[in-house]
Structures are given as structure tokens and as C-alpha cells.
Amino acid sequence: VGSVVYRDCAGDFSTTCIPCLHGKFMDKPNGVYDCSICKHCSERNGLYIQSKCTTIQNSICDVLDGYHCIDNTSSECQHALKHSECKPGQESKTPGTKRSDTVCVDCPSGFYSSTGENCTRWRDCAAKNEIKTEAGNSIKDVTCTQQNRGRYGVIAAVSVFIAILPIMYCIRLQMKKLKQRITSEYMQDSNEWNLWCVLVTSDLTGDY
């Protein structure tokens, strides 16, 4: 273990062995002439060195945090990929592990996720005495605005004015008719008075 055959036994000479050089190993008794090359744990493949290679043991690789193995053809992972990230409008149903990828699901109605993390319930504007100015969706919250009392006071005043405008018009129309009636009656009385004056004057002067 840790060495290989340098020269086979011959005559009075027994087998000669030499140790493995750096970067190579041999983990069992053997009759071979060359050591095995140590395995390389590449971060590019989503792996890291859990245990370094020695002359008697190969490197032991493991999956990096945030990655999951996609090649389990042997007892050790050969290649791993980064966990999938949930899109906006989704959340993680099952977090990723070293053996499985992240499982994402869409946010239910009334919830949103702008970053693809946890889905959050839409804001309740009415509960905070606010008004909803923009609807929410799966990636954006509802937009609420504080009620402007001054603004609503003006709106209320305008509404009242519009409501009483027909009444004011009717009153004005009735006043106009009343004025016309009084004027008409006055003119009639005035004509009768003038006629009486003419008759009296005629009696006094003897004009018929």
C-alpha cells in the first residue's frame, strides 16, 4: 500500500518497490508498476476537497454548499450544479440539498414575491385607513395611499353644490315668475286708476 513494483524478483533478488510520488496514490496491495493519479476536486464542477490525497488514499470530494449532484454513477459525486433560483412570483417549496435541486412553486392568489423567496400576502389598505391606488400581482404588492381629508372635503363640498344647484334654479325661476305676476298686477291696477282719473276729470269739466 502506498507503493508499486520497481523491479520484479529474480534469482536471489526479491521484488523491489518504490513509494508513490506526490499527486499519486496506491490504496491496496498490488503488483503494478505505476501509482494511480489523485482525483481533482474542481470547484468548476461544484466540488471541493473534503480529504486531501495521500500516497495511500485518493482525494475525497464533496458537493459545495448551494450545489446539487447530477452525476451519481459512483459512490462519490463527479459533477454538481448550482441550485435553481426561484423566479419573482414564486417561492421555494423544498430547499435544495446536495442530492436534489430546489423545488419552486407559484405564489397563490393574493400573495406576491418580488425576489423569488417567500410569498407575502398583499397589503390590506382598508385595515390602515388607506385607499388602494394600484392593484397587486404575483411580483408586486398592492399600492396604498393615505387618505387626503382636505381633498375629500373639497369633493364633498362640490358634490353638495351640484346637488342643490337644481333647487337654486327652481327657486330663482319661481322668484322670476312671482316678480312678473306682481308687475302684471301692478300694471293692471295702474291702468284702472288712470281710467278712474279720466272719468272723474270728465265729470268735473263736463266733457263727455
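Scoring rules and cut-offs
Residues numbered from 1 in each chain as written. Predicted model: local features only at pLDDT ≥ 70, side-chain atom pairs only at ≥ 80, totals over all residues. Heavy atoms only, no water. Helix = DSSP H or I, 4+ residues; strand = E, 2+ residues; numbered from the N terminus. Contact = heavy atoms within 4.5 Å. Areas by Shrake-Rupley, 256 points an atom, 1.4 Å probe, with all protein chains shown as cover. Buried < 20%, exposed > 50% of the residue type's maximum accessible area, 1.4 Å probe, protein only. Disulfide = S-S within 2.5 Å. pLDDT = per-residue confidence, 0-100. Lys, Arg positive; Asp, Glu negative; His and termini not counted. Salt bridge = Lys/Arg side-chain N within 4 Å of Asp/Glu carboxyl O. Polar contact = N/O pair within 3.5 Å; in protein donor to acceptor, adjacent residues only side chain to side chain. Core = buried A, V, L, I, M, F, W, Y, C linked by side-chain atoms within 4.5 Å. Patch = residues over 30% accessible without salt bridge, like charges linked within 9 Å, V, L, I, M, F, W, Y side chains within 5 Å.

Naming follows an unreviewed UniProt entry, where the protein chain appears as Tumor necrosis factor receptor superfamily member 14-like of Triplophysa rosa.

Let us now look at the overall build of the protein chain. Looking only at helices and strands, the protein chain features one helix and 14 strands. For the protein chain, restricting intrachain contacts to residue pairs at least 6 apart in sequence, the fraction spanning at least 24 positions comes to 30%. Per element, the accessible surface of the protein chain, about 16,000 Å² overall, is 57% carbon and sulfur.

It is worth spelling out the environment of Gly 89 at this point. Along the polypeptide, Gly 89 turns up in the loop between strand 8 (80–82) and strand 9 (90–94). Its relative accessible area of 6% is what places Gly 89 among the buried residues. The residues touching Gly 89, leaving out its near neighbours within four places in the chain, are Val 105, Asp 106, Cys 107, Ser 113, Ser 138 and Ile 139.

This paragraph deals with the state of the cysteines. Tallied over the full model, the rule gives seven disulfides. Two residues, Cys 107 and Cys 119, share a disulfide whose sulfurs are 1.9 Å apart. The disulfide joining Cys 107 to Cys 119 has a torsion of about -85 degrees about its S-S bond and is therefore left-handed. Taken together, the residues span a long stretch of sequence, with Cys 107 in the loop between strand 10 (103–106) and strand 11 (111–112) and Cys 119 in the loop between strand 11 and strand 12 (120–121) at a distance of twelve residues. Neither residue differs from the other here; Cys 107 and Cys 119 are each classed as buried. Each disulfide pairs two cysteine sulfurs, and for Cys 125 the partner residue is Cys 144, the sulfurs being separated by 1.8 Å.

Right, let's get into the confidence of the model for the protein chain. Model confidence for the protein chain is summarised by a mean pLDDT of 86, while 83% of its residues fall at 70 or above. In the model of the protein chain, helix 1 (residues 149–205) stands out as the element of lowest mean pLDDT, 67, in contrast to strand 11, which has the highest, 98.

Take unusual backbone geometry next. Backbone geometry places Asn 129, a non-glycine residue, at a positive phi of 55 degrees. Relative to the helices and strands, Asn 129 is located in the loop between strand 12 and strand 13 (130–134). Since its relative accessible area comes to 51%, Asn 129 is described here as exposed.

Let us now look at the side chain of Asp 141. For Asp 141, the position within the fold is in the loop between strand 13 and strand 14 (143–146). Look at Asp 141: it is buried, it has no salt bridge, and the nearest opposite charge is Arg 123 at 5.7 Å. A polar atom in the side chain of Asp 141 sits 2.9 Å from the backbone nitrogen of Arg 123. Setting aside anything within four residues of it in sequence, one finds Asp 141 in contact with Tyr 112, Arg 121, Trp 122, Arg 123, Ala 135 and Gly 136.

What follows is about the nonpolar core. Judged by nonpolar contacts, Cys 41, Leu 47, Cys 61, Val 63, Cys 69, Cys 77 and Ala 80 together constitute the single largest core of seven residues. The contact partners of Ala 80, leaving out residues within four places of it in the chain, are Asn 45, Gly 46, Leu 47, Val 63, Tyr 67, His 68, Cys 69 and Ile 70.

Turning our attention to a nonpolar patch on the surface. Taken together, the side chains of Val 158, Val 160, Phe 161, Ile 162, Ile 164, Leu 165, Ile 167, Met 168, Ile 171, Met 175, Leu 178 and Ile 182 present a nonpolar region at the surface, about 1,100 Å² in accessible area. Residue placement: Phe 161 occurs in helix 1.

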